[in-house]
Amino acid sequence: MSTRTVTVLNVAEKPSVAKSVSAILSRNQGLRVREGRSRYNKIFEFTYSIRGQPCQMLFTSVTGHLMELEFEDRYRKWHSCDPADLYHAPVRKFVPEDKKDIKRTLEEEARRCQWLVLWLDCDREGENIAFEVVDVCTAANRYVTLKRARFSALIDREIHNAVQNLVEPNKWFADAVDARQEIDLRIGASFTRFQTMLLRDAFVIDTPTDDRNLVLSYGPCQFPTLGFVVERYWEIQAHEPEEFWLINCSHRSDEGVANFSWMRGHLFDYTCAVIIYEMCTEEPNATVTNVKQQEKLKYPPYPLNTIELEKRASRYFRMSSEHTMKVAEELYQAGFISYPRTETDSFSSRTDLHTIVQEQQGHPEWGIYAQRLLDPGTGLWRNPRSGGHDDKAHPPIHPTKFSAGEAGWSQDHRKLYELVVRHFLACVSKPAVGAETIVEIDIAGEQFSVCGRVILEKNYLDVYPFESWGGSMIPTYTVGQQFIPTTLTLDSGVTRPPPLLSEADLLSSMDKEGIGTDATMHDHIKKLLDRFYVTKDSSTRFTPTNLGEALVMGYDDMGYKLWKPDLRAVMERDMKSVSEGVKSKDEVLANSLQQMKACFLDARLNKVKLLEAMGIFFERSNRAGGDELHATGEVVRKCGLCQESDMVLKKNRDGNFMVGCLGFPQCRNAVWLPGSVSEAAVTTNTCNICTPGPVYLIQFKFRQLEIPPNYSVNHLGCIGGCDEVLTQLTEICGRGPRMPARARGPITPTSHANQSDTRQGLCTNCQQTGHSLNDCPSQNLGSRNAERRRMNQHNGNFDLHAGEDSVSCSSCGAPCVLRTANTANNRGRKFYSCQSQECNFFVWEDNLNNSTGERSFTRSNTIPASNPGRNGGRGRGQRGRGSRSGPHAATATFVSATGDPISGRRCFVCGDPSHFANVCPNRGG
DNA sequence: GCAAGGTC
């Protein structure tokens, strides 16, 4: 061991780490600081001893990556080569202009050093940056000795331990990043050039930018992010509202009101609901069967990491994630909050949490709370929970300096600082405590329940007003107590589509699927907005633009998952293999690029899919010569929306008919016609109902196999809104162009609030353009259609291929045919349908067999046997007489749980076929 | 003019 002092160049990934580590190692003794070439990256100097070796330590930093990857010059220009060449064009790493000063500092300092110690973040990117630093330093001084400091937190013990146990840099980690960079560059550049050059000039793309400057970028992170937005949008469009029924019960006493909920939730079968409701109203006496009292805790949030900060700022303040990170960065630079880019959501046991709280005691708004927190007598303190993530480099985001507001702060600086402080104080507080009482009652064998809650201690909620926990008082009940409900109603509702994705939803999806990193997610979201792929409304919800939807649709029609997270997931797995030494960088690169090139070439062969998808939304540009997709058709009426142009009948390339406004794209009024239309021609006959006229009638011919048997193949119809046949067939068969085929995966009925803001001009009832929900022509038909569905459950597209398994209709005796439903909710489900056009009988096949599952619970024509007590011989004489064996009827007779045949057309109280029992005037009570 | 990843 030489006793001669060696000079050691230490390099951290960012200035803050250089400063912290220098302070720890020098113990703030003899620490000097001087300027480097870069104004942000200072150089700290102090003496230290590494394993007995006296060292003159120089500590500086970079700012993230020092180098970028680019194609060689001759491939840089867009028209310099075929985009497919970019999969093998030579690439090089270089130091960009704005990093040259850091490079010069490293070169100058390296020349006078014997050792180089790499203090970059201990993750893959950090390891890669370490090798960039090594490249620069060894080019200036090839004799320098390389060492890596491996640390897991910026705390004394870790740092001293790291410097006394220096290791070798990990090439595998760095290789993994090299592979990722190269794949991202080649895929991104090739697809971006391809789709931009293919589409930009071929269509009139109405974006706020000059067409010539429009870039239709593709990237392995931005496209899956776009995919999340489009997928949700399609889910909303494919949603078929479904009517459901539920029984509500309330009870008012001297102590207040209790609103009981039906424990079945709701039923989709009206007849079932009516039967049960009937039983309840006939024996309305309620018996309290259970009173459950329990203490409930509402826990404070986990310590704050980047994604959570972005999500909460979006939810509480509607700040964009990009703006949040900008403001957080400024607060960090000014020393008010800790480092804002961190995955960590648990505090190290060594963090001095009390001191952080102490600093906040003087704040006019939360100072008192901080004082209470520190007073052991209050018992308010509780050690923070662990969220389970630790990036080993930074603590959770927390306040680092007291402020009651600074002169230069904007409202957003104040809000974000307040969020960070209140979140921190909440984390070290006790959970809120509530007392919950759940009361269950039985009415005629049906169970109902209500929950009351009293907040006993607010605790953390006192300092965290962003979260709330509602209390609700209910009267006192005892088991066995009986009462007559104040109200007992049969109510209806309709399933709603899920809402558009909010910024917080989007961040969650990206986080879950591994798209981007905590430091880049907001960039990808911003990129979608900058590229005009999506728009964001005032409640931070995202809608794809026509451009965004068309691009995703084009690749989807090719059958590629380029807009799904899968590609990124595969790359992530490959990177992991490289970083573990399981695969080599070259192997992964060769394999991955070969596959992606094949995919690229295939996509280019199938470019017509992209063109077709774009053609649905955009006019062909004259620049590209001609407009084959929008040939002018016959005039049907004057457009009621723009009141300028004519609406004409058109046939799209995919064979579907529509009536669209010639003012397109300025006016987007359109009526989509049923997908089952095979021929359509405008006649000279006019409608004498629809205004403003004239509205010319259209002679339609439908494909027989695609419409229910009780509809005629030929139909003279009106698109003005008066034509119920057309409306029904549109509902049954789906609209022509695209939406029915877009429903991906099961669409779960949800009860979210009505869609407030979908794409402009799109009706939320029928999803067509040209009118709003309020004046939707299908709106008033909705209830009639629901009624029709109840009467005649032929609510599907029918495939008449399976005719052999026939049974006799129990209603009229005619043969029944086994068919397959083709609606979104029942696609593939078999049912028997009577062949007689006069008879409406049908029964689901799985109700005849012993099928099980939720579907039979919610949509079955028989009452589920979830409540066997109901058949206990109560009610009117005939009820309970039935020979029902299990949850499903064993014969083709359409029966209720009680065994009663159900005609579906008469009132159960008076037998009158003109109404149902819930509105029967003879029902009484 | 293209990606995504660091960071001021």
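Cut-offs used in this document
- Residues numbered from 1 in each chain as written.
- Chains lettered and ligands numbered in written order.
- Predicted model: local features only at pLDDT ≥ 70, side-chain atom pairs only at ≥ 80, totals over all residues.
- Heavy atoms only, no water.
- Near = heavy atom within 4 Å.
- Polar contact = N/O pair within 3.5 Å; in protein donor to acceptor, adjacent residues only side chain to side chain.
- Helix = DSSP H or I, 4+ residues; strand = E, 2+ residues; numbered from the N terminus.
- Expected span 1.5 Å × (residues − 1).
- Buried < 20%, exposed > 50% of the residue type's maximum accessible area, 1.4 Å probe, protein only.
- Pairing = 2+ DSSP bridges.
- Contact = heavy atoms within 4.5 Å.
- Axes fitted to C-alpha atoms, helices over the stretch in contact; angles between N-to-C directions.
- Phe/Tyr/Trp six-rings, centres within 6.5 Å; stacked < 30°, edge-to-face > 60°.
- Lys NZ or Arg CZ within 6 Å of the ring centre and 35° of its normal.
- Patch = residues over 30% accessible without salt bridge, like charges linked within 9 Å, V, L, I, M, F, W, Y side chains within 5 Å.
- Areas by Shrake-Rupley, 256 points an atom, 1.4 Å probe, with all protein chains shown as cover.
- Salt bridge = Lys/Arg side-chain N within 4 Å of Asp/Glu carboxyl O.
- Left-handed = near helix turned anticlockwise from the far one by under 90°.
- Nonpolar A, V, L, I, M, F, W, Y, C, P; charged D, E, K, R; others polar.

A look at the protein's contact with DNA strand B
In the vicinity of DNA strand B there are 44 residues, among which Lys-14, Lys-99, Arg-200, Cys-221 and Arg-341 approach most closely. In the environment of DNA strand B, a phosphate oxygen lies 2.8 Å from a nitrogen or oxygen atom belonging to the side chain of Thr-517. Looking at the surface near DNA strand B, the elements that each hand over two or more residues are strand S5 (68-71), helix H5 (171-199), helix H9 (321-333) and helix H14 (521-530).

Looking at helix H12 (residues 411-427)
With 17 residues, H12 ought to run about 24 Å at 1.5 Å a step, and its terminal C-alpha atoms sit 24 Å apart, in line with that. For H12, a buried count of 13 out of 17 residues is recorded, marking the element as mostly surrounded by other parts of the structure.

Remarks on the sheet that holds strand S18 (residues 541-544)
The strand order across the open sheet built from three strands is S16-S18-S17, with neighbouring strands paired in antiparallel fashion. Edge positions in the sheet fall to strand S16 (501-502) and strand S17 (534-536), since each of these pairs with one other strand and no more. As paired strands, S16 and S18 are joined by two bridges and run antiparallel to one another. By the bridge assignment, Ser-502 is partnered in S18 with Arg-541. Most of the contacts of helix H6 (residues 222-238) go to S18, to which it runs at about 85°, and overall it touches S16, S17 and S18.

Here's the deal with the packing of aromatic side chains
Throughout the structure, instances matching the rule amount to 28 aromatic pairs. Ring geometry for Phe-223 against Tyr-533: centres 6.1 Å apart, planes inclined by 90°, an arrangement best described as edge-to-face. Of this pair, Phe-223 sits in helix H6 while Tyr-533 sits in the loop between H14 and S17; the two residues are 310 residues apart in sequence, bridging distant segments of the chain. Side by side, Phe-223 and Tyr-533 carry an identical accessibility label, which is buried. Among the aromatic residues, ring-to-ring pairing joins Tyr-87, Phe-191, Phe-194, Tyr-218, Phe-223, Tyr-533, Tyr-555 and Phe-600 into one connected group. Sitting above the plane of the Tyr-75 ring, Arg-74 keeps its charged end 4.3 Å from the centroid. If you follow Lys-171 out to its NZ or CZ, it ends over the ring of Phe-131, 5.1 Å from the centre.

Digging into a nonpolar patch on the surface
Taken together, the side chains of Val-454, Leu-456 and Met-473 make up a nonpolar region of the molecular surface, amounting to roughly 320 Å² of accessible area. Looking at the secondary structure, you find Met-473 in the loop between strand S13 (446-457) and strand S14 (482-483). Exposure remark for Met-473: the relative accessible area of 66% places this residue in the exposed category.

Digging into the pattern of salt bridges
Counting across every chain of the model gives 44 salt bridges. Residues Lys-103 and Glu-107 are paired through a salt bridge, measuring 3.2 Å at the closest nitrogen-oxygen approach. Taken together, the residues span about one helical turn, with Lys-103 and Glu-107 both in helix H2 (residues 100-111) at a distance of four residues. Of the charged contacts, one joins Glu-467 and Arg-312 as a salt bridge, the two residues approaching to 3.2 Å between their closest N and O atoms.

Topic: the pairing of strand S10 (residues 256-262)
One ladder, built from six bridges, connects strand S9 (residues 243-253) with S10; its direction is antiparallel. Each bridged residue has a counterpart across the sheet, and for His-251 the counterpart in S10 is Ala-258. Turn length for the S9-S10 hairpin, with the two strands adjacent in sequence and antiparallel, is two residues. Pairing analysis gives two bridges linking S10 to S13, with the strands arranged antiparallel. Across the sheet, the residue bridging to Ser-261 is Ser-449, located in S13.

Regarding helix H15 (residues 546-558)
Along its 13 residues, H15 runs 18 Å from first to last C-alpha, staying within 8% of the 18 Å computed at 1.5 Å per residue. Residues of H15 that are buried in the fold lie against H5, H6, S18, helix H17 (585-605) and helix H18 (607-617). Positive backbone phi, approximately 90°, marks Gly-559, located one or two places after H15.

A closer look at the packing of helix H8 (residues 306-317) against H9
Following both chains from N to C, one finds H8 and H9 inclined at 115°, their axes separated by 9 Å at the closest point. Helix-helix and strand crossings are classified by hand; for H8 and H9 the assignment is right-handed. Between H8 and H9, the contacting residues are Thr-306, Leu-309, Glu-310 and Ala-313 on the first element and Ser-321, Thr-324, Met-325 and Ala-328 on the second. Of the residues contributing to the contact of H8 with H9, the split by class is four nonpolar, three polar and one charged.

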